[in-house]
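# Structural characterization, general
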Amino acid sequence: MSVFLKNFFLAVCLLLAVTVNAAPKPSYYELRTFRLKTPEQEKRLDAYLEKAFIPALHRAGVAKVGVFKPVETAAGAEQIVYVFIPYKKTDEFFKLPESLSKDKAYNEAAQDYLNAAHNDPVYTRFESALMESFSGMPSFRAPSLKSAPAERIYELRNYEAATEKLHQAKVHQFNNGEMQIFERLGFNAIFYGRVLAGNKLPSLMYMTSFENKTERDAHWKTFSADPEWKKLNALPEYKNNFLRADILLLHPAAYSEI
């Protein structure tokens, strides 16, 4: 092989290596769902999240944490608090319990939460879902909304599929057109994630954000009528790619960072 061919071959290999290494790595998201029975529990949980848990997450390397509550809760129904935690890698998720146990400031600030009596807990129970970000949006984005937090709408959707294959088709649809339409129409997406572990599988979750409910409704009306969306959704490979959708309208807690 000539020197020219050798150099050309090495240059191609280096270019391919740079291209592979340049591909963005996925992020991982945890969504904790706390279920509460009383206003007192909500008060105690808010104090724990704001004063103990979120500061400890910062010390563990998590930059921003989102805390959200339903816009409306029926009288007598349980209150729910959602906590969104973005991780750069799975190790941060798996090592968090150990990190918290070694965090002296956290253990001092979280006394009420950690040492709650069995008949007076801070929550009824909590659930956790772990997600991997979509390739089309590998990192979460905090929106730049101008309205007051009490007016903002954060819309959390969970799409369940009948089979893993159909679930993958829905993920593919998002990565190859649907997310781009949301971006073009100004949906202020915060994250898109494929659920790796949780109580509803196979499924994906994503969150969009709006200045207020009126703006949210107007955006969805525009989306439904969008010619590009209609064309994308009519493709046979995307037929029946989700079974049901849970749609939640949320406000950010006063101390939420997202």
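Model, not experiment: these values are computed from the prediction. (Residues numbered from 1 in each chain as written. Predicted model: local features only at pLDDT ≥ 70, side-chain atom pairs only at ≥ 80, totals over all residues. Heavy atoms only, no water.)

## With respect to the overall build of the protein
- When helices and strands are counted, the protein shows nine helices and eight strands.
- Overall size of the protein, expressed as C-alpha extent along the three principal axes, is 80 × 50 × 40 Å.
- Buried residues in the protein amount to 43% of all 258 residues.
- Pairs at least 24 residues apart make up 80% of the contacts formed inside the protein by residues separated by at least 6 positions.
- Roughly 14,200 Å² of accessible area belongs to the protein as shown, and the carbon and sulfur atoms make up 57% of that amount.
- Treating the 33 positive side-chain charges of the protein as one cloud and the 30 negative ones as another, the clouds have centres 4 Å apart. (Helix = DSSP H or I, 4+ residues; strand = E, 2+ residues; numbered from the N terminus. Buried < 20%, exposed > 50% of the residue type's maximum accessible area, 1.4 Å probe, protein only. Contact = heavy atoms within 4.5 Å. Areas by Shrake-Rupley, 256 points an atom, 1.4 Å probe, with all protein chains shown as cover. Lys, Arg positive; Asp, Glu negative; His and termini not counted. Charge placed at Lys NZ, Arg CZ, Asp CG, Glu CD.)

## Focus: the pairing of strand 2 (residues 66–70)
- Counting buried positions along strand 2 gives four out of five residues, so the element sits mostly inside the fold.
- In terms of strand pairing, strand 2 meets strand 8 (residues 244–252) through three bridges, oriented antiparallel. Bridge pairing in strand 8 links Pro70 to Leu250. (Pairing = 2+ DSSP bridges.)

## Quick notes on the sheet that holds strand 3 (residues 79–87)
- If you trace the eight strands once around the closed barrel, you get 1-3-2-8-5-7-6-4, paired in antiparallel fashion. In this sheet, neighbouring strand axes are inclined to one another by 35° on average, regardless of whether the strands run parallel or antiparallel.
- Where helix 2 (residues 39–59) meets the sheet, its contacts fall on strand 1 (28–36), strand 2 and strand 3, and the angle it forms with strand 3 comes to roughly 5°.
- Across the sheet, helix 8 (residues 213–225) lies against strand 5 (153–160), strand 7 (203–210) and strand 8, angled at about 40° from strand 5, the strand it touches most. (Axes fitted to C-alpha atoms, helices over the stretch in contact; angles between N-to-C directions.)

## Re a positive patch on the surface
- Where like charges cluster on the molecular surface, the positive patch consists of Lys25, Lys88, Lys89 and Lys95.
- Its location among the elements puts Lys25 in the loop between helix 1 (3–22) and strand 1.
- Here Lys25 falls in the exposed class, since its relative accessible area comes to 71%. (Patch = residues over 30% accessible without salt bridge, like charges linked within 9 Å, V, L, I, M, F, W, Y side chains within 5 Å. Salt bridge = Lys/Arg side-chain N within 4 Å of Asp/Glu carboxyl O.)

## Thoughts on the environment of Thr38
- Within the secondary structure layout, Thr38 lies in the loop between strand 1 and helix 2.
- Take Thr38: its relative accessible area is 35%, and that puts it in the partly exposed class.
- Spatially, the C-alpha atom of Thr38 lies 38 Å from that of Glu164, the residues being 126 residues apart in sequence.
- Polar contacts involving the side chain of Thr38 include one to the main-chain amide nitrogen of Gln41, which spans 3.1 Å. (Polar contact = N/O pair within 3.5 Å; in protein donor to acceptor, adjacent residues only side chain to side chain.)

## What about the environment of Arg184?
- Its location among the elements puts Arg184 in helix 7 (residues 164–184).
- Accessibility expressed as a relative area gives 46% for Arg184, which makes it partly exposed.
- A sequence separation of 39 residues divides Arg184 from Phe223, and the C-alpha atoms of the two residues are 10.0 Å apart.
- Arg184 has contacts with Asp226 and Glu228, leaving out every residue within four places of it along the chain.

## Some remarks on the pairing of strand 6 (residues 191–197)
- Pairing of strand 4 (residues 125–133) with strand 6 involves four bridges; the strand directions are antiparallel. Residue pairing across strands places Ser133 opposite Gly193, the latter belonging to strand 6.
- In this sheet, strand 7 lies alongside strand 6 in antiparallel orientation, the contact comprising four bridges. Bridging across to strand 7, Arg194 finds its partner in Leu204.
- Following strand 6, the chain reverses through five residues before pairing antiparallel with strand 7.

## A word on the nonpolar core
- The biggest cluster of nonpolar side chains holds 28 residues, and the ones touching the most others in it are Leu45, Tyr48, Leu49, Phe53 and Tyr106.
- Among the secondary structure elements, those contributing two or more residues to this core are strand 1, helix 2, strand 3 and helix 4 (96–101).
- Aside from chain neighbours lying at most four places away, what touches Tyr48 is Phe53, Tyr106, Ala110 and Tyr113.
- In terms of nonpolar packing, the next biggest core, distinct from the first, is built from 21 residues, Tyr159, Leu185, Tyr192 and Trp220 among them. (Core = buried A, V, L, I, M, F, W, Y, C linked by side-chain atoms within 4.5 Å.)

Coordinates in, geometry out; function isn't part of it.
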